[in-house]
Amino acid sequence: MLFVKVAECEAPEETIEIPVENDGFILMSTLSAQFPGACGLKIKTGQTSWRGVRVAEDKIYPPGEDQWDNKITYIVTYPKDSKRKGEDLDINSAKTRKIERKCVDLIVLGIPWKSTEDIVRQYFEQYGEVVLCEIKRDFSNNSKGFGFVRFKDYDDQCSVLGKKHFIDGRWCDVKIPNSQVKFD
């Protein structure tokens with residue numbers, strides 16, 4: 001399996017290797033699992049110029065030659081802030097996003113109605129120590145099909161994100177809830 005190096009800035013303190021799918025593209029969900037709020041990638045093509053990497057249908061395609069270069073570090077791009085002309089503009093706001101390296105409640109979508117919190121907790125403990133596991137229920141105590149899980153260790157949390165999970169006979173998604181994504 002091929003991995004490409006991705007970082008948040010041009011002079012990265014830390015790079016993350018992201019897997020390339022067998023078809024030659026990177027899933028947008030894989031990128032956003034490691035860099036919440038990311039909308040694409042770019043590469044430096046010279047001293048001062050940048051090239052955006054094509055994104056279509058939640059897939060990131062390799063730039064030119066239909067191949068990824070694992071010797072290049074690709075830089076994450078974020079959406080521009082949606083401010084209107086005439087409003088106070090913070091020139092650096094799009095570049096000063098901070099991702100806190102702390103554990104948050106992850107939302108687990110698609111949990112089977114028959115599943116208990118013990119089953120869900122037991123599944124996620126294969127990734128690391130779980131400090132919270134909760135299935136949301138309606139007024140008559142029936143499962144709503146989703147819940148939350150929190151890990152003690154940030155790296156364990158990251159290993160769970162961007163993967164499909166087969167819990168109690170059903171495929172489930174795990175994501176960072178929109179309310180937990182922080183931008184400065």
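Please read these numbers as outputs of a predicted model, since none were measured by experiment.

> Mind laying out the sheet that holds strand β13 (residues 170-175), listing which residues take part and the relevant values?
Backbone hydrogen bonds are what pair the strands of a sheet, in a parallel or an antiparallel way. With respect to topology, 5 strands assemble into an open sheet ordered β10-β11-β9-β13-β12, the strand pairing being antiparallel. Taken across any chain shown, the strands that pair with only one partner, and hence form the sheet edges, are β10 (130-137) and β12 (164-167). Each strand of the sheet is rotated relative to its neighbour by a mean of 30 degrees, with strand direction disregarded. Examined bridge by bridge, β10 and strand β11 (residues 143-151) share 6 bridges and lie antiparallel to one another.

> If you had to explain the confidence of the model for the chain to someone new, which residues and values would you point to?
Per-residue confidence for the chain averages 81 on the pLDDT scale, and 84% of its residues sit at or above 70. By mean pLDDT, strand β8 (residues 73-77) is the weakest element of the chain at 84, and helix α2 (residues 117-124) is the strongest at 95. Counting interchain partners and residues more than four positions distant, the pLDDT-below-50 stretch residues 82-98 has 13 contacts.

> Can you break down the pattern of salt bridges residue by residue, with the values?
Applying the stated criterion to the full structure yields 4 salt bridges. Salt-bridge contacts for Asp105 lead to Arg150; the nearest nitrogen and oxygen are separated by 2.5 Å. Here Asp105 is found in the loop between β8 and β9 (106-109), whereas its partner Arg150 is found in strand β11, with 45 residues between them in sequence. Here Lys152 and Glu129 are joined by a salt bridge, their closest N and O atoms 3.9 Å apart. Of the two residues, Lys152 is situated in the loop between β11 and α3 (154-160) and Glu129 in the loop between α2 and β10; the sequence distance between them amounts to 23 residues. Here Glu129 falls in the partly exposed class, since its relative accessible area comes to 48%.

Here is what the cut-offs are and how they apply
- Residues numbered from 1 in each chain as written.
- Predicted model: local features only at pLDDT ≥ 70, side-chain atom pairs only at ≥ 80, totals over all residues.
- Heavy atoms only, no water.
- Pairing = 2+ DSSP bridges.
- Helix = DSSP H or I, 4+ residues; strand = E, 2+ residues; numbered from the N terminus.
- Axes fitted to C-alpha atoms, helices over the stretch in contact; angles between N-to-C directions.
- pLDDT = per-residue confidence, 0-100.
- Contact = heavy atoms within 4.5 Å.
- Salt bridge = Lys/Arg side-chain N within 4 Å of Asp/Glu carboxyl O.
- Buried < 20%, exposed > 50% of the residue type's maximum accessible area, 1.4 Å probe, protein only.

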